[in-house]
Amino acid sequence: MSEEIFVAGPFFPRTVEALKSRFPVRLLDSRDAINSLSEEDLSKAMGFATFGWAPAEVIDKMPNLKIVSSFGVGYDGVAAAHAAKKGIMVSHTPDVLNDEVANTVMALILSTSRRVVAYDKYVRAGRWPKEGDAPLTRGIGGKTVGIVGLGRIGEAVAEKLSVFHCDVAYHSRNEKPGVPYRYFASLVDLATNADILVVITPGGPATNKLVNKDVIEALGPEGMLVNVSRGTVVDEEAMVAALQDGRLGSAGLDVFENEPQVPEVLFAMDNVVLTPHIGSATEETRNAMNDRVVENLISYFDTGSPVNPVPECAGLITGN
Ligand code: NAP
Ligand code: 8YV
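Since the structure is predicted, the reported quantities are computational estimates derived from the model, not experimental observations.

Novice: Is there a simple way to explain the nonpolar core in this structure?
Specialist: A general tendency of soluble globular proteins is for nonpolar side chains to be buried together. Residues Phe 6, Phe 48, Met 62, Val 68, Ile 109, Ile 147 and Leu 161 are the most contacted members of the largest nonpolar core, which totals 72 residues. No other element matches helix H5 (residues 98-113), which puts six residues into this core. Shared between two domains, this core holds at least three residues of each, these being domain 1 (4-96 + 284-316) and domain 2 (98-274). Excluding anything up to four places from it in sequence, Met 62 contacts Phe 6, Ile 34, Leu 42, Ala 45 and Phe 48. Grouped together as the second largest cluster of nonpolar side chains are 29 residues, Phe 184, Val 199, Leu 225 and Met 269 included.

Novice: What should I look at first to understand helix H11 (residues 236-245) in this one?
Specialist: Because the α-helix completes a turn every 3.6 residues, residues three or four places apart line up on one side. Every buried residue of H11 is listed here: Glu 236, Ala 238, Met 239, Val 240, Ala 242 and Leu 243. Where H11 is buried, its residues meet helix H10 (213-219), strand E10 (224-227), strand E11 (250-253) and strand E12 (272-274). One side-chain oxygen of the residue at the start of H11 lies 3.3 Å from the amide nitrogen of Glu 237, identifying that residue as Asp 235. Downstream of H11 by one or two residues, Gly 246 has phi in the positive range, about 75°.

Novice: Help me understand the layout of surface pockets, please; the structure alone is not making it clear to me.
Specialist: The rolling of a water-molecule-sized probe over the atoms marks out the regions of remaining empty space. Considering only enclosed or pocket space, the second largest pocket measures out at about 490 Å³ in volume. Contributing to the lining of the second largest pocket are 25 residues, with Thr 112, Ser 113, Arg 115, Thr 137 and Arg 138 lying nearest its centre. Residue assignment for the lining of the second largest pocket shows that the elements contributing at least two residues are H5 and helix H6 (116-124). Looking at the lining of the second largest pocket, the element that brings in the most residues is H6, giving four residues.

Novice: Explain the pairing of E10 here, please?
Specialist: Residues in a regular strand project their side chains so that they alternate between the two faces of the sheet. Residue alternation in E10 divides its side chains into two sets, Met 224 and Val 226 and Leu 225 and Asn 227, and both sets are buried. Where strand E9 (residues 196-199) meets E10, four bridges bridge the pair, whose relative direction is parallel. What sits directly across from Ile 196, in E10, is Met 224. For the crossover from E9 across H10 to E10, the handedness is right-handed. Taken together, the four bridges between E10 and E11 define a ladder with parallel strand orientation. Bridge assignment links Asn 227 to a residue of E11, and that residue is Leu 253.

Novice: Would you explain the pairing of strand E7 (residues 167-171) in this entry?
Specialist: The buried fraction of E7 is high, at four of five residues. Here strand E6 (residues 144-148) pairs with E7 via five bridges, running parallel. The partner of Val 148 across the bridge, within E7, is His 171. Where E7 meets strand E8 (residues 182-183), two bridges bridge the pair, whose relative direction is parallel.

Novice: What's the story with empty space enclosed by the protein in this structure? I'm lost.
Specialist: Scanning the model with the defined rule gives one cavity of 30 Å³ or more in all. The wall of the largest cavity is formed by Ser 111, Arg 115, Val 116, Val 117, Ala 118, Lys 121, Met 269, Asp 270, Val 272 and Val 273. Broken down by secondary-structure element, the contributors of at least two residues to the lining of the largest cavity are H6 and E12. A per-element tally of the lining of the largest cavity places H6 first, with four residues.

Novice: When you look at the side chain of Asp 41 in this model, what are you seeing that I'm missing?
Specialist: Relative to the helices and strands, Asp 41 resides in helix H2 (residues 39-42). Overall, Asp 41 belongs to the buried group, its relative accessible area being 19%. Within the structure, the side chain of Asp 41 is placed 3.4 Å from the side chain of Arg 26, a separation counted as a polar contact. Setting aside its immediate chain neighbours within four residues, Asp 41 contacts Phe 6 and Arg 26.

Novice: Hey, could you run me through the environment of Asn 212 in this one?
Specialist: Note on placement: Asn 212 falls in the loop between E9 and H10. Counting along the chain gives 159 residues from Asn 212 to Trp 53, while the straight-line C-alpha distance between them is 26 Å. Within polar-contact distance, the side chain of Asn 212 engages the backbone nitrogen of Asp 214 at 3.1 Å.

Novice: What is the right way to read the packing of helix H1 (residues 13-20) against helix H12 (residues 283-303) from this model?
Specialist: When two helices pack together, their arrangement is captured by the angle between the axes and the distance separating the axes. Packing of H1 against H12 brings their axes to within 9 Å, and their N-to-C directions diverge by 15°. The angle between H1 and H12 places the two elements in the roughly parallel class. In this structure, the crossing between H1 and H12 has a hand that is right-handed. Residues Arg 14, Thr 15, Ala 18 and Leu 19 of H1 pack against Asn 287, Asn 290, Asp 291, Val 294 and Leu 297 of H12. Taken together, the residues that form the contact of H1 with H12 break down as four nonpolar, three polar and two charged.

Reading the values: the criteria
- Residues numbered from 1 in each chain as written.
- Chains lettered and ligands numbered in written order.
- Predicted model: local features only at pLDDT ≥ 70, side-chain atom pairs only at ≥ 80, totals over all residues.
- Heavy atoms only, no water.
- Core = buried A, V, L, I, M, F, W, Y, C linked by side-chain atoms within 4.5 Å.
- Buried < 20%, exposed > 50% of the residue type's maximum accessible area, 1.4 Å probe, protein only.
- Helix = DSSP H or I, 4+ residues; strand = E, 2+ residues; numbered from the N terminus.
- Domains from an automatic or database assignment.
- Contact = heavy atoms within 4.5 Å.
- Polar contact = N/O pair within 3.5 Å; in protein donor to acceptor, adjacent residues only side chain to side chain.
- 1 Å grid on protein atoms, 1.4 Å probe; cavity = no way out; pocket = protein on both sides within 12 Å on 5 of 7 lines; lining within 4 Å.
- Points joined across faces, edges and corners; volume = space filled by probe spheres on them.
- Pairing = 2+ DSSP bridges.
- Right-handed = clockwise from strand over helix to strand, strands pointing away.
- Axes fitted to C-alpha atoms, helices over the stretch in contact; angles between N-to-C directions.
- Parallel < 35°, antiparallel > 145°, perpendicular 65-115°, else oblique.
- Left-handed = near helix turned anticlockwise from the far one by under 90°.
- Nonpolar A, V, L, I, M, F, W, Y, C, P; charged D, E, K, R; others polar.

Here is the structure:
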């Protein structure tokens, strides 16, 4: 039986070529394609390269699977604990995107606070000569930014914020040693003290609606909510209602609960900036992420450990 890497997702051609130069590869043109493969074909899968998608039932279809190499740092769409229990390694692509995602956060904060998108529309609609200068906005210097999840990306955001003379505070389940930022064990307390709340935790059940109505109320009518984590981390219904009633001041949103569907009521709001999950979406960063998917597979088959195993699979590193 020849063992293959099954490849599902819009990987760059260079990624597919790199994989083909090392492994026999089977390209799946859609997620559904896996359902039409025979048991014999499925038994050939030793590796699965995927764009953040490997639920338990898909993992279970491949009886000889050894590793899921997932694109993206967030792997809430991969049943990692299930894979680990079966002795299957899962890898992801952290770090190479920290700077880019932090830049996206800064773009959302600045464009939301300075109404860049609304004022671009104002100019294009020919309103400036007719209606005069646009109303003043609010700056971010000296403001307190609360980061929810001071992990790899959260720390990159904090560093950039210091250049903009912001005070940084944060919330996570554990206080992080050695960082110069104020820790809040309570998310509501962080939101009460923050002018801007940046959400950058993983998705999944542990963070579902972590940013709830109470947190949003605590942020308040002058507060800004920026979400680049996963849509599930914010109670979207509560956020939309608070924006409608003026109980939340503004929002910069890259991720949504049912993306690519976005609540249409947000489309008309000038105090909201919406982007289509582009946190890491530059050619340079996506190249690095694509390359890491391949590096993880090669490293796993050469050494027994991918470059970036997910924590759930740390116990599976064999070091062969
Ligand atoms: P990371 O290094 O693992 O950091 C995650 C942070 O979240 C940690 O500080 C962690 O601290 C905290 N956290 C986890 N669960 C929490 C909970 N239940 N309550 C409070 N805090 C919690 O991850 P990362 O590399 O920075 O990436 C973070 C996430 O960003 C990814 O998982 C992904 O979902 C998202 N992301 C989005 C984009 C985009 O395009 N929009 C791009 C990249 C990443 P504790 O463990 O101490 O709680
Ligand atoms: C990916 C992301 O582009 O890394 C992540 O967790 O959300 C993005 O960087 C996305 O996962 C692509 O599907």
